[in-house]
Amino acid sequence: MLKHTAAAAAIVAFTLSPALVQLPAPDFWAGPLFAREASAKDLGRNAKLADAASINEDLIDAALGGKADKVAEKVAAMRKALPMLRPLLDAATFDALARELTAMEQAMAGKDLPAIALASVEAYRVIEAATDPAQRPSPIEVAMLDYSGFKLSILAAGPTAEWAAIGATAQDSDSNWSALAKNVSDCGIRDLAAAIQDG
């Protein structure tokens, strides 16, 4: 089951990402001038958040690959980025992100790469959830499918299988796919992804 669940989430996430980017983007140029200026500001905010999310993607990849030096570099990059993220996030979101970074640093002290990866994937989720949905290049569910794929990969790589967490993550993946399926116009991709999600 683990092999199918982890493979399913990863394949769906990575197969759908390029197809869903082609979904209609929000109409950036609609509305009065002040709305365009606000949108440009939000685009800058989302770009900064995307950079922070990318650090976590790289960190997860390095942790899964056993590259402790690269992991340490990315944890340090997140620590450096955190103050710049404060004005972009509400207090609760910032605190959640700071907690995940502290967990990463504590796991670094023990050289616990799986724990670092788990904290990093949660930081990724927090950051992606904080982006402005109207300015995203693809729906939030695409990022959440990536989150599920990352998390399942981390859980599968751990010393013991955490079946409850694996099951909950697979359910989240299924919910996100269900929300996206109606927007995927390519029948081949939609059918393949549905077959993978069904196991």
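Every chain is numbered on its own, with residues counted from 1 as its sequence reads. It should be noted that, the model being predicted, local features are given only for residues of pLDDT at least 70 and side-chain atom pairs only at 80 or more, the latter also being counted only at that level, while totals for whole chains, interfaces and linings use all residues. Note that water and hydrogens are dropped before the side-chain values are worked out from all heavy atoms of the structure.

A. Structural context of the overall build of the chain. Only runs of H or I of at least four residues qualify as helices and only runs of E of at least two qualify as strands under DSSP, and these elements are numbered from the N terminus. In terms of helices and strands, the chain carries 8 helices and 0 strands. Going from the N terminus to the C terminus, the chain shows its helices and strands as α-α-α-α-α-α-α-α. Per-residue accessibility, obtained with a 1.4 Å probe over protein chains only, is compared with the maximum for each type, and a residue is labelled buried under 20%, exposed over 50%, and partly exposed between these values. Relative to its 199 residues, the chain shows a buried fraction of 42%. Contacts between residues were defined by any pair of non-hydrogen atoms, one from each residue, lying within 4.5 Å. A separation of at least 24 residues holds for 68% of the contacts in the chain among residues at least 6 apart in sequence. Of the roughly 10300 Å² of accessible surface on the chain, a fraction of 59% belongs to carbon and sulfur atoms. To be clear on the numbers: accessible area is Shrake-Rupley with a 1.4 Å probe, and residue cover counts the displayed protein chains and nothing else.

B. Representation of the packing of aromatic side chains. Note on aromatic pairs: the rings of Phe, Tyr and Trp (six-membered ring only in Trp) are paired at centre separations within 6.5 Å, and the planes decide the class, stacked below 30 degrees, edge-to-face beyond 60, tilted for the rest. Tallying each qualifying case throughout the model produces 1 aromatic pair. Arranged with centres 5.4 Å apart and planes meeting at 90 degrees, the rings of Tyr-124 and Phe-150 form a pair that is edge-to-face. With a gap of 26 residues between them, Tyr-124 in helix α5 (residues 113-130) and Phe-150 in helix α6 (residues 140-157) connect regions that are remote in the sequence. The class of Phe-150 is buried, set by a relative accessible area of 12%.

C. Quick look at unusual backbone geometry. A positive phi angle, close to 55 degrees, is found at Lys-111, a residue other than glycine. Position of Lys-111 relative to the elements: it lies in the loop between α4 (91-109) and α5.

D. Examining the pattern of salt bridges more closely. The rule for a salt bridge is simple: a side-chain nitrogen of Lys or Arg has to be within 4 Å of a carboxyl oxygen of Asp or Glu. Going through the model one piece at a time under the given rule, you end up with 6 salt bridges. Between Lys-70 and Glu-73 there is a salt bridge; the shortest N-O distance is 3.5 Å. Of this pair, Lys-70 and Glu-73 are both found in helix α3 (residues 68-85), 3 residues apart, which corresponds to roughly one turn of the helix. Each of the salt bridges in this network shares a partner with another, and the network as a whole consists of Glu-122, Arg-125 and Lys-151.

E. Looking closely at the packing of α4 against α5. Between α4 and α5, whose axes approach to 8 Å, the crossing angle comes to 165 degrees. With respect to each other, α4 and α5 are oriented roughly antiparallel. Crossing geometry of α4 relative to α5 is assigned as left-handed. When α4 is examined against α5, the residues Thr-93, Ala-96, Leu-97, Glu-100, Ala-103, Met-104, Ala-107 and Met-108 are found in contact with a partner set consisting of Ala-115, Ile-116, Ala-119, Ser-120, Glu-122, Ala-123, Val-126, Ile-127 and Ala-130. Between N-to-C directions, angles cover 0 to 180 degrees, with each direction set by a line fitted to C-alpha atoms, over the stretch in contact for helices. Here the word oblique covers every angle except those under 35 degrees (roughly parallel), over 145 (roughly antiparallel) and from 65 to 115 (roughly perpendicular). Crossings are classed by handedness, with left-handed meaning an anticlockwise turn of the near helix from the far one by less than a right angle and right-handed meaning a clockwise turn.

F. Representation of the nonpolar core in the model. By size, the foremost hydrophobic cluster in this structure holds 38 residues, and its most contacted members are Val-71, Leu-89, Leu-97, Met-104 and Ile-116. Only α2 (33-64), α3, α4, α5 and α6 provide two or more residues apiece to this core. For this core, the element with the most residues is α5, which contributes 10 residues. Other than its neighbours up to four places away in sequence, Leu-89 contacts Arg-45, Leu-49, Phe-94, Leu-97 and Ala-130. Leu-180, Val-184, Ile-189 and Ala-193 belong to the second largest nonpolar core, which has 8 residues in total. Remark: nonpolar core denotes a set of buried residues (Ala, Val, Leu, Ile, Met, Phe, Trp, Tyr, Cys) joined through side-chain atoms within 4.5 Å.

G. Up close: the packing of α5 against α6. It is the contact of α5 with α6, at a shortest axis distance of 10 Å, that shows an interaxial angle of 175 degrees. By the angle between their axes, α5 is roughly antiparallel relative to α6. Mapping the contact onto sequence places Pro-114, Ala-117, Leu-118, Val-121, Glu-122, Tyr-124, Arg-125, Glu-128 and Ala-129 in α5 and Ile-140, Ala-143, Met-144, Asp-146, Tyr-147, Phe-150, Lys-151, Ile-154 and Leu-155 in α6. Residues are grouped as follows: Ala, Val, Leu, Ile, Met, Phe, Trp, Tyr, Cys and Pro are nonpolar; Asp, Glu, Lys and Arg are charged; every other residue, Gly included, is polar. Looking at side-chain class alone, the contact of α5 with α6 contains 13 nonpolar, no polar and 5 charged residues.

H. Layout of the confidence of the model for the chain. Residue-level confidence of the predictor is what pLDDT reports, using numbers from 0 through 100. Here the chain averages 82 in pLDDT, while 77% of its residues score no lower than 70. Counting contacts from residues 1-40, a segment whose pLDDT is below 50, to residues more than four positions away or on other chains yields 60 contacts.

I. Focus on the side chain of Ser-120. Note on placement: Ser-120 falls in helix α5. Ignoring sequence-local partners within four residues, the contact set of Ser-120 consists of Asn-56, Leu-59, Ile-60 and Met-104.

J. Spotlight on α6. Compared with the 26 Å implied by 1.5 Å per residue over 18 residues, the 26 Å span of α6 between its first and last C-alpha is a close match. For α6, the buried fraction is high: 13 of the 18 residues fall into the buried class. Take the number of residues in a helix, subtract one, and multiply by 1.5 Å to get its expected span.

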